[in-house]
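Chain by chain, the residues run as shown.
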Amino acid sequence: MHCLLVYCHPCPESFTAAVRDRVIRGLERARHRVELLDLYASGFAAVMDAEERRRYHEPGVNERRVGEHLERLRRAEALVFVYPTWWYGQPALLEGWLDRVWVPHATFTMPEGGKPIGRVLTDIRLIAAVSTLGSPWWWWTFSGQPGRRQLLSGLEVICHPRCRTLWMALHRMDSVGPERRAAFLERVEARFARL
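Residues numbered from 1 in each chain as written. Predicted model: local features only at pLDDT ≥ 70, side-chain atom pairs only at ≥ 80, totals over all residues. Heavy atoms only, no water.

**Student:** Give a detailed account of helix α1 (residues 15–29), specifying residues and quantitative values.
**Tutor:** Given 3.6 residues per turn, any residue in an α-helix points the same way as the ones three and four places further on. For α1, with 15 residues, the first-to-last C-alpha span of 21 Å sits near the 21 Å given by 1.5 Å per residue. Along α1, the residues classified as buried are Phe 15, Thr 16, Ala 17, Val 19, Arg 20, Arg 22, Val 23, Ile 24, Gly 26 and Leu 27. Packing partners of the buried residues in α1 comprise β1 (2–7), β2 (33–38), β3 (78–84), β6 (126–132), β7 (164–170) and α7 (178–193). Just downstream of α1, Arg 31 is the residue with a positive phi angle, here 70°. (Helix = DSSP H or I, 4+ residues; strand = E, 2+ residues; numbered from the N terminus. Expected span 1.5 Å × (residues − 1). Buried < 20%, exposed > 50% of the residue type's maximum accessible area, 1.4 Å probe, protein only. Contact = heavy atoms within 4.5 Å.)

In structure tokens:
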């Protein structure tokens, strides 16, 4: 399976970088191909300007500035996100990637006649996300899990009809000790090695 791993963290020494490396190791153990997209290292511009927004619904035109990213999505059979949860959601750079790259006609069809948006990226059969959160699990659940819902439920409906989802998270990131962090890394690698 060709896996596009979208990684988003500004600090190369972060725990999130260690999570990324363990996801990659697990996927490679399972003999999947991994294509890494590091949004910070690549210098991705997250801000959609006024002209890009005005032409957002124009087929073809809306692909011009993000064509390379769309090609990566079209190659993907699995989409894996690794990022920290900040203020209940993704970092702004990841949100900007979603806003700018997931454009109509190239990644989904627009709703018509009372029907919802339609599937385009039907080669994607798995969407996974691994994140760290400062909040405890119960508070994250009480808040409605907005980041998880956006990535998994929101994207799932425009991928393969039987697209599977996977969520892994380390809660209380700011207060857990090294043993819990190490155990989480082991769980992450083992889970992705079973895919």
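**Student:** Outline the sheet that holds β7, listing residues and values.
**Tutor:** Backbone hydrogen bonds are what pair the strands of a sheet, in a parallel or an antiparallel way. Read from one edge of the open sheet, five strands run β2-β1-β3-β6-β7, paired in parallel fashion. Edge positions in the sheet fall to β2 and β7, since each has one partner strand and no second. Between one strand axis and the next, the sheet turns by 15° as a mean value, whatever way the strands run. Packing of α1 onto the sheet brings it into contact with β1, β2, β3, β6 and β7, and relative to β3 it is tilted by some 160°. Its contacts with the sheet place helix α3 (residues 67–75) against β1, β2 and β3, and it is angled at close to 155° to β2. (Pairing = 2+ DSSP bridges. Axes fitted to C-alpha atoms, helices over the stretch in contact; angles between N-to-C directions.)

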